[in-house]
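Okay, here's what each chain looks like letter by letter:
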Amino acid sequence: MTIQDLHALFLKSKGVTTDTRKIEPNAIFFALKGDNFNGNEYASEALNLGASYAVVDEEIYQTEKRIILVEDVLKALQNLAYTHRKFLDIPIIALTGSNGKTTTKELINAVLSKKFKTVATLRNLNNHIGVPLTLLAMNSTTELGIVEMGANHIGEIAELAAIAAPDFGYITNFGKAHLEGFGSVEGVIKGKSELYNYLIDHKGSLFLNTDDAIQEKKIGSTHTFTFSATADADVKIEYQRAQPFAKIRFNYQDVKSQLIGQYNAVNLAAAATIGVFFKVGDDQIIDALESYIPSNNRSQIIKKNHLTIILDAYNANPTSMEAAVLNFANLEGKYKIAFLGDMFELGQTAAVEHQKIADLTAELGLENIVFLGENFKNTSTPNYQFKNLKTLQENGFPQNIKESLMQEATILIKGSRGMRLEGILDMLTV
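The rules behind each value
Residues numbered from 1 in each chain as written. Predicted model: local features only at pLDDT ≥ 70, side-chain atom pairs only at ≥ 80, totals over all residues. Heavy atoms only, no water. UniProt positions renumbered as here; feature names shortened; annotations may be inferred. Helix = DSSP H or I, 4+ residues; strand = E, 2+ residues; numbered from the N terminus. Rg over C-alpha atoms; globule rule 2.2 N^0.38 Å. Buried < 20%, exposed > 50% of the residue type's maximum accessible area, 1.4 Å probe, protein only. Contact = heavy atoms within 4.5 Å. Areas by Shrake-Rupley, 256 points an atom, 1.4 Å probe, with all protein chains shown as cover. Pairing = 2+ DSSP bridges. Axes fitted to C-alpha atoms, helices over the stretch in contact; angles between N-to-C directions. Phe/Tyr/Trp six-rings, centres within 6.5 Å; stacked < 30°, edge-to-face > 60°. Lys NZ or Arg CZ within 6 Å of the ring centre and 35° of its normal. Polar contact = N/O pair within 3.5 Å; in protein donor to acceptor, adjacent residues only side chain to side chain.

The name that an unreviewed UniProt entry assigns to the protein is UDP-N-acetylmuramoyl-tripeptide--D-alanyl-D-alanine ligase, with the source organism given as Leeuwenhoekiella polynyae. Regarding the protein, the UniProt comment filed under Subcellular location (unreviewed entry) reads as follows: "Cytoplasm". For the record of the protein, the UniProt heading Sequence similarities (unreviewed entry) holds the text "Belongs to the MurCDEF family. MurF subfamily."

K.L.:
Talk me through the overall build of the protein; I want residue IDs and the actual numbers.
P.N.:
Scanning the protein from N- to C-terminus turns up 17 helices and 19 strands. Taken against the 2.2 N^0.38 rule, which gives 22 Å for 430 residues, the C-alpha radius of gyration of the protein at 23 Å falls within 12% of a compact globule. Along the longest, intermediate and shortest principal axes, the C-alpha atoms of the protein span 70 × 50 × 40 Å. Taken across its 430 residues, the protein has 53% of its residues classed as buried. Within the protein, residue pairs in contact and separated by at least 24 positions form 62% of the contacts whose partners lie at least 6 positions apart. When the accessible surface of the protein is summed, it comes to about 19400 Å², and 48% of that surface belongs to carbon and sulfur atoms.

K.L.:
So, the sheet that holds strand β18 (residues 387–389): which residues are in play, and what are the values?
P.N.:
Across the sheet, six strands lie side by side as β14-β15-β19-β16-β17-β18; this open sheet has mixed pairing. The open sheet has two free edges, formed respectively by β14 (300–304) and β18, since each of these has just one partner strand. Taking each pair of neighbouring strands and ignoring which way they run, the sheet shows an average axis angle of 15°. As paired strands, strand β16 (residues 336–341) and strand β19 (residues 409–414) are joined by five bridges and run parallel to one another. The residue bridging I337 from the neighbouring strand is I411, located in β19. Against the sheet, helix α13 (residues 318–330) touches β15 (307–312), β16 and β19, its axis set at about 175° to β16.

K.L.:
Account for the packing of aromatic side chains, with residues named and values stated.
P.N.:
Tallying each qualifying case throughout the model produces 11 aromatic pairs. Note on F168 and F207: the rings are 5.9 Å apart at their centroids and 25° apart in plane angle, and the pair reads as stacked. A residue pair is termed long-range when its members are at least 10 positions apart, and F168 in strand β8 (residues 168–171) and F207 in strand β9 (residues 205–209) qualify at 39 residues. With a centroid separation of 6.5 Å and 85° between ring planes, the pair formed by F207 and F225 is classed as edge-to-face. With F207 in strand β9 and F225 in strand β10 (residues 224–228), this residue pair connects regions lying 18 residues apart in the sequence. F225 carries the same exposure label as F207, and that label is buried. Aromatic rings pair up to connect F116, F168, F207, F225, F277 and F278 into one cluster. Residue placement shows K336 over the ring face of F328; its charged tip is 5.3 Å from the ring centre.

K.L.:
Quick rundown of the pairing of strand β13 (residues 253–260)? Include the residues and the values.
P.N.:
Two elements, strand β12 (residues 245–250) and β13, share five bridges in a ladder whose sense is antiparallel. Looking across to β13, one finds that K247 is bridged to K256. What sits between the antiparallel neighbours β12 and β13 is a turn of two residues, in which N251 has the positive phi angle 50°.

K.L.:
I'd like a rundown of the environment of H306, residues and numbers included.
P.N.:
Its location among the elements puts H306 in the loop between β14 and β15. In the structure, H306 is positioned 103 residues away from A409 in sequence and 6.9 Å away in space, judged by C-alpha atoms. Within the structure, H306 has its side chain in polar contact with the backbone oxygen of Q407 (distance 3.3 Å).

K.L.:
Which residues make up the sheet that holds strand β4 (residues 67–69), and what values do they have?
P.N.:
Taken in spatial order, the four strands line up as β1-β2-β3-β4 in an open sheet, and their pairing is parallel. Where the open sheet ends on each side, the last strands, each with one partner, are β1 (16–17) and β4. Across three bridges, the pairing between strand β2 (residues 28–30) and strand β3 (residues 53–56) is parallel. Opposite F30, over in β3, you have V55 as the bridge partner. Here helix α1 (residues 3–11) sits on the sheet and contacts β1, β2, β3 and β4; the angle it forms with β2, its principal contact strand, is near 130°.

Structure representation (structure tokens):
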């Protein structure tokens, strides 16, 4: 079966799925493989559950006509997504970066959906499977697509760009993320820049924050639409102090968001800039940015009795952790306490990067810090009020913390997803 034949079947279907637990009638099941599962084994079950076809890559599982045999199921899914993207022929915006890409994607979608029928990456499904699924979620009514791309190795963004074939692109920033895979910050820059390289090669357009010296130097003025707080740009931005919510000013109008932290201001600026480019009205842009409420443990504000909790526990790397700590230090409040969890995927740099964060908290005079995780436990902190714990329960942690939080307090919870720091919320019932 050719990819064109498979696409013809797809257009008559209810879409694709890779999970038999989520099959809709008349969907096409793609039997992906993982380290601990073989989707081929579920092909017949998928048909019994209502799938119209199943795509497999092991001949032994091709037991009837509706089971389609291909050389590689993942490649077939990716090729189908590319074919569908070219079939629809709509503008696609792709974005990547070390920090803030999911929030920025959500903000861009909020802005552009004021004018267009958009489809954007769901949650952070931004990898070699998520990108194809995003493209295949688009249909004839979709006017504009927004595709988030994640990576932890050089070459991955190039592969995702080849599948999505974007017309526009934006990189949030280059930071110390996934250093274990990229090898260094220089590797991060090289890997993330693959998106811009694709767009330059294919005469696409780049959205550029010219205040980012690395991007400005690397990209120059090739097919760019720019924003800046310090230089001439297509969109002039003013950044205002976050207390605690990020605020910007553009086109002489204020935007007061519901996003915690100064570091989110540039994400607002990028979304506003892209809205301006696509001729969304200023009032609509402002309404979209001010109405957006974060979720999924990303820069959320939670009020719990007399406690104000900043929950930012979806992910963490040295760059985002530093930004969160600096922002927290600048917040007003008589009593503040931060719970900082280990940052993952740092490889040989883990010990050094965790110590840098510990040193930063000391330099900023943040006395009430609880470090959590193996790496933070091994850091040295000069202030006796710092607590270094391997787990949440170590050394009577819950009771000790509860006793210290009988007063009004502002709390920061920040760490990598694997630390599951959202569990602290249940411990803060006082």
